[in-house]
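Tertiary structure, described
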Amino acid sequence: MKRTKQTTNQEKNSLPTILNSLSEGGIVTDNDSKFLFTNPVSQNITEVIPKDINPTERQDIIESKLADIELRKSEEQLKAIFKGFPIPSFLWQYVEDDFILIDYNDAAEFFTQGLIKKFLGKRFSTMYKNSPYKQNIESDFLKCFSEKKNIIREMSYKLRSSEKIKELKVRFGFVQPDLILVHMEDITDNKIAGEELRKLSNAVEQTADSVIITNLKGIIEYVNPAFLETTGFRRDEVLGQTPRMLKSGQHDNAFYQKLWKTVLLGNTFRGTMINKKKDDELYWSQQTITPMKNKDGKITNFVSVLKDITELLEKKEQEIHLKIASELQQRLYKSKISVPGFDIAGKTYSAVETCGDYFDFIQMKDGSIGIVIGDVSGHGIGAALIMVQTLASLRAIAKFETDLGVILTHLNQALENNLDDTHYVTLILARLDPKKNLLQYISAGHIPAYLLKSSGDKVEMLESTDIPLGIVKDYTYHKSNTIKLAPGDILAFITDGIIEARLHDEDEFGDHRTLNVIKSYRQATAEQIIEQIYLATCSFVKNQIQEDDITSIICKVDF
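Residues numbered from 1 in each chain as written. Predicted model: local features only at pLDDT ≥ 70, side-chain atom pairs only at ≥ 80, totals over all residues. Heavy atoms only, no water.

Moving on, we get to the pattern of salt bridges. Counted under the stated rule, the structure contains 23 salt bridges. For E185, the salt bridge identified is with R171, shortest N-O distance 3.0 Å. Of this pair, E185 sits in strand 7 (residues 179-186) while R171 sits in strand 6 (residues 165-175), and the two are 14 residues apart along the sequence. Residue R171 is classed as partly exposed on the basis of its relative accessible area, which comes to 29%. Residue D209 is joined to K307 by a salt bridge in which the shortest nitrogen-to-oxygen separation is 3.8 Å. Of this pair, D209 sits in the loop between helix 7 (188-206) and strand 8 (210-215) while K307 is found in strand 12 (residues 299-308), placing the two residues 98 residues apart along the sequence. With relative accessibility at 39%, the residue K307 sits in the partly exposed group. (Salt bridge = Lys/Arg side-chain N within 4 Å of Asp/Glu carboxyl O. Helix = DSSP H or I, 4+ residues; strand = E, 2+ residues; numbered from the N terminus. Buried < 20%, exposed > 50% of the residue type's maximum accessible area, 1.4 Å probe, protein only.)

Here it is in C-alpha cells:
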C-alpha cells in the first residue's frame with residue numbers, strides 16, 4: 001500500500017510524543033550522524049558533553065553514558081531483588097582473614113526483629129566471639145570461600161532477638177570475587193510437622209490394632225504389622241487386593257451395602273464384624289472405616305481400624321457364665337444352722353468370683369445333721385459347676401439315705417459319669433446325732449479335720465479314710481467309728497487353701513498355725529473363729545493376692 005503524504009506527516013508529528021515518553025535516552029540522527037531529535041533523558045546526558053568534539057566521538061560518549069545508566073539500573077534491580085527476597089539473606093565480604101557483614105535483606109531484618117542493624121559492618125570474629133555456634137559456622141564460611149562451592153547445613157540456633165530456638169537450614173554461596181551470600185531458612189515448622197508425621201507413622205506401625213488404607217475402589221494400599229500378625233497374611237498377599245479377602249460369609253449383602261453407603265457419603269462406619277484369617281479361622285473385630293478427604297473435601301482414601309475383640313467377647317461370655325454359677329452357688333450356701341446344744345457355722349472366701357470349695361448342712365430324715373466340706377480340683381466355672389452338681393446330688397441322695405458309706409458310694413457313681421480325667425472331688429461328710437452327741441464321718445481324700453477337746457491341748461485328727469470322688473466308679477466307701485462328743489469340744493473342718501497358704505517360697509501356714517488360732521479364740525463364737533482363721537491366713541501371706549479358696553466349718557459343742 002502506498003504511503004500518503006498525510007500519513008507521513010502524522011507519523012512525523014507522533015514520533016516526538018513517543019520519544020518524550022520514554023524513561024531511557026532517545027536520539028534520532030540522519031545518515032551523516034547528525035542529530036535530528038533528542039528526548040529529555042538524552043538531553044540531560046548531552047549537556048555535560050563538550051560542544052566542540054566531533055559527532056562520532058560525541059556519539060561514543062553518549063552510548064557509554066547510556067551503558068552506565070543501564071548498568072546502574074541493573075544493579076538497582078538486583079539490589080531490589082535481594083532486598084525483597086523472602087528468605088533472610090546476609091552478604092559477607094572476606095577481609096584480612098575475616099568476614100564482614102556488608103548487607104542484609106528485609107526478610108533478615110524482620111527475622112532478627114531489627115537486631116541485625118547493630119551488626120552491619122561488624123566482623124564475624126567479633127559477632128560470634130562467645131557464641132557456641134562459632135566453630136561450625138566459621139568452618140562453613142572458610143570451606144565455602146576456599147573451595148568456592150555451596151555449603152548447606154541444618155542446625156538449631158538460639159536467636160539473640162527473642163531467645164527462641166529455631167531449626168534452620170543455612171546455605172553458604174560464594175560470589176566472585178570475595179563475597180559470601182548466606183541464606184537462612186526457618187524450617188522449625190517443617191521439622192515439627194515432620195516429627196509429628198514420624199510419631200503418627202510409628203503409632204500406626206506399632207499399634208496393636210489392625211490398620212488398612214485403601215483407595216476409592218477399595219484396593220488395599222497399606223496394612224500395618226498388627227494386621228499381618230492378626231490375620232496371618234503376608235504383606236505381598238494383601239497389597240493390591242480388597243478387604244473382601246477377609247469376608248467370613250457371616251454377614252449378608254444388606255450389611256455391606258449399608259457400610260458402603262455410609263462411607264461414600266463421607267461418614268464414618270462403625271460396627272462389629274466377623275472376619276476370616278488366612279487359615280479360615282473366624283474372629284470378631286470392632287471396626288471403623290473413615291473416609292480420608294483432601295483440602296477440597298473430596299474423598300481420596302478409606303482408613304479402616306480393626307480391633308480384635310474375640311478374647312474380650314469370650315471373656316464377657318465367661319463372666320456371664322461365672323455370674324450365673326456364682327449366684328447358683330450363693331443360693332446353695334447355708335452359712336449357719338440352728339441345732340440345740342451346738343454352735344455351727346461355715347464360710348467360704350473365694351479366690352475368684354466362683355470357687356471349687358463348698359460346704360453344706362443337711363437335715364437328714366432320722367433327725368441327724370449332715371456336715372459337708374469339700375474341694376473340687378481346679379478353679380473357674382468348670383470347678384464351680386462340678387461343685388454345684390456335687391451339692392445337688394448329695395442333697396438328693398441324703399433325703400433317702402442316712403448311712404454315710406451308702407451316700408458317698410452313690411455320689412461317687414453319679415460324679416464319675418460326668419467328670420473328665422482332669423477333675424475329681426475331695427470331701428468330708430460327717431453325720432452329727434445331736435440327741436446322743438455322737439459323730440461319724442467319711443473323708444474321701446480330703447485333708448484332715450480336727451477335734452479339739454475343751455482344754456484346747458488334746459487334738460484328734462479326722463484323717464482321710466477313702467479315695468477322692470470321681471476317680472474309680474465302682475468304689476465302695478466306708479464310714480468311720482463313732483466318736484463321742486463332750487461339752488467344750490470344737491470340730492474344725494477346713495480346705496487346703498488355709499494350710500497351703502504361703503508367702504513366696506517360705507513355709508506354709510500349716511495345720512499347727514490353724515490350730516493355734518482356734519485355741520486362742522476357743523471362747524469366741526463359731527463365726528468369729530472362722531473369721532480369725534481367715535484374717536490370720538491373710539496376715540501370714542502379707543495380704544498378697546489370694547491364690548486359692550479358703551473354707552472353714554466350726555462346730556462347737558455347748559450342751
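Together, Y424, I471 and V472 line one region of the surface with nonpolar side chains, adding up to about 250 Å² of accessible area. In this structure, I471 sits in the loop between strand 20 (459-462) and strand 21 (483-484). Judged by relative accessible area, which is 46%, I471 ranks as partly exposed. (Patch = residues over 30% accessible without salt bridge, like charges linked within 9 Å, V, L, I, M, F, W, Y side chains within 5 Å. Areas by Shrake-Rupley, 256 points an atom, 1.4 Å probe, with all protein chains shown as cover.)

The six strands are arranged 13-14-23-22-19-20 in an open sheet whose pairing can be described as antiparallel. The open sheet has two free edges, formed respectively by strand 13 (336-339) and strand 20, since each of these has just one partner strand. Adjacent strand axes in the sheet meet at a mean angle of 15°, parallel and antiparallel pairs treated alike. Inspection of the sheet shows strand 13 paired to strand 14 (residues 342-349) by four bridges, in the antiparallel sense. Counted as the bridge partner of I337 is I344 from strand 14. (Pairing = 2+ DSSP bridges. Axes fitted to C-alpha atoms, helices over the stretch in contact; angles between N-to-C directions.)

Further remarks concern empty space enclosed by the protein. Going through the model one piece at a time under the given rule, you end up with one cavity of 30 Å³ or more. Of the pockets and cavities examined, the largest cavity occupies roughly 350 Å³. Along the wall of the largest cavity there are 20 residues; nearest its centre are F90, I116, Y128, Y157 and M184. Elements represented by at least two residues in the lining of the largest cavity include exactly strand 3 (89-95), helix 6 (134-147), strand 5 (151-158), strand 6 and strand 7. Of the residues belonging to the lining of the largest cavity, the class tally is 17 nonpolar, two polar and one charged. (1 Å grid on protein atoms, 1.4 Å probe; cavity = no way out; pocket = protein on both sides within 12 Å on 5 of 7 lines; lining within 4 Å. Points joined across faces, edges and corners; volume = space filled by probe spheres on them. Nonpolar A, V, L, I, M, F, W, Y, C, P; charged D, E, K, R; others polar.)

This part covers the pairing of strand 9 (residues 220-223). Bridge count between strand 8 and strand 9: three bridges; the pairing is antiparallel. When the sheet's bridge partners are listed, I212 is paired in strand 9 with V223. Counting the residues between successive antiparallel strands, the hairpin from strand 8 to strand 9 contains four residues, one of them, G218, with a positive phi of roughly 85°.

This next bit is on unusual backbone geometry. The omega angle of the peptide bond from Q176 to P177 is 0°, so this bond is cis rather than trans. A positive phi angle, near 55°, is found at N437, a position not held by glycine. As for its placement among the helices and strands, N437 is situated in the loop between strand 17 (425-433) and strand 18 (438-444). Classification of N437 by relative accessible area gives buried; the value is 11%.

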